[in-house]
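In case you want the letters, here they are:
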Amino acid sequence: MVYTLKWVFVILHIITAGAWFGLGLRLSAWARKTVELSGEPAQVMAEDGQRTVKLMTIFIVLTAVFSVTAFVLGGAFAAYGPAYHSSLLLMLLLLLDQVLVIRPAWGTLVTAVSSEGPSSGEIMTSAKKRIAIGTGVGHLMWLILLVLMFANRLFGI
């Protein structure tokens, strides 16, 4: 029973991690286009992107919950090697990247698009760069996590 439940959480972990990755693929381009536009179209894109960022946050939190649950059900630290231990740390860093970099940067972009101040262009450019860096680093960590999860099968670690 525990073995089956563990695999249910592994599958849920894979689905939510894939959803986070997929939603973030076009986020940098979306931010760039939002900065290029002005007025109502920019506000619509910024608000729509905000919904995407909220979904990404939900999916990465669920990914972390499902991965830790599967890890514990599978035997926790005693059953898994260093690759999985490293994966847990990277999962935490990925979650922090989403919550502390991507989400606030997009919030700043939405606020800057809504205001018509003279410095809003600089603020939007800064937010756009933080979004690009946050999603790029997040996708890199995601790919490293993917390799680490299969390291024991691929490299015997």
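Everything quoted here is computed from the prediction, not taken from an experiment.

K.L.:
Quick one: what's the story with a nonpolar patch on the surface, residue by residue and with numbers?
P.N.:
Side chains of Leu89, Leu92, Leu93, Leu96, Leu100 and Val101 sit close together on the surface and give an oily, nonpolar patch of about 510 Å² of accessible area. Inspection of the secondary structure puts leucine 100 in helix H5 (residues 82-114). The exposed category is assigned to leucine 100, whose relative accessible area is 57%.

K.L.:
Outline the nonpolar core, listing residues and values.
P.N.:
Within the largest apolar cluster, 32 residues are counted, with the highest numbers of intra-cluster contacts made by Trp20, Leu27, Leu94, Trp106, Leu109 and Ile131. Looking at this core, the elements that each hand over two or more residues are helix H1 (2-24), helix H2 (27-36), helix H3 (39-73), H5 and helix H6 (120-149). Considering each element in turn, this core owes the most residues, 12 residues, to H5. Not counting the four nearest positions on each side in its chain, tryptophan 106 is found in contact with Leu27, Trp30, Ala31, Thr34, Met45, Ala46, Gly49, Gln50, Val53 and Ile131.

K.L.:
Would you mind going over the environment of methionine 149 in detail, with residue names and values included?
P.N.:
Looking at the secondary structure, you find methionine 149 in helix H6. Using a relative accessible area of 24% as the deciding quantity, one classes methionine 149 as partly exposed. Along the chain, methionine 149 and serine 86 lie 63 residues apart, while their C-alpha atoms are 9.5 Å from each other. Once you skip the residues sitting within four places of it in the chain, methionine 149 turns out to touch His13, Tyr84 and Ser87.

K.L.:
Let's hear about the pattern of salt bridges: which residues, and what values?
P.N.:
Considering all chains together, one arrives at two salt bridges under this definition. Across the salt bridge formed by lysine 33 and glutamate 36, the nearest N and O atoms sit 4.0 Å from each other. In this pair, lysine 33 and glutamate 36 both sit in helix H2, three residues apart, roughly one turn of the helix. In this structure glutamate 36 comes out as exposed when scored by relative accessible area, which is 55%. Here aspartate 48 and arginine 51 are joined by a salt bridge, their closest N and O atoms 3.1 Å apart. Of this pair, aspartate 48 and arginine 51 both sit in helix H3, three residues apart, which is roughly one turn of that helix.

K.L.:
Please give an account of H5 that cites residues and values.
P.N.:
For H5, spanning 33 residues, the distance from its first C-alpha to its last is 47 Å, which sits close to the expected 48 Å at 1.5 Å a residue. Maximum bend of H5: about 30 degrees, positioned at glutamine 98.

Definitions and cut-offs
- Residues numbered from 1 in each chain as written.
- Predicted model: local features only at pLDDT ≥ 70, side-chain atom pairs only at ≥ 80, totals over all residues.
- Heavy atoms only, no water.
- Patch = residues over 30% accessible without salt bridge, like charges linked within 9 Å, V, L, I, M, F, W, Y side chains within 5 Å.
- Areas by Shrake-Rupley, 256 points an atom, 1.4 Å probe, with all protein chains shown as cover.
- Salt bridge = Lys/Arg side-chain N within 4 Å of Asp/Glu carboxyl O.
- Helix = DSSP H or I, 4+ residues; strand = E, 2+ residues; numbered from the N terminus.
- Buried < 20%, exposed > 50% of the residue type's maximum accessible area, 1.4 Å probe, protein only.
- Core = buried A, V, L, I, M, F, W, Y, C linked by side-chain atoms within 4.5 Å.
- Contact = heavy atoms within 4.5 Å.
- Expected span 1.5 Å × (residues − 1).
- Bend = angle between axes of the 7 residues up to and from the residue.

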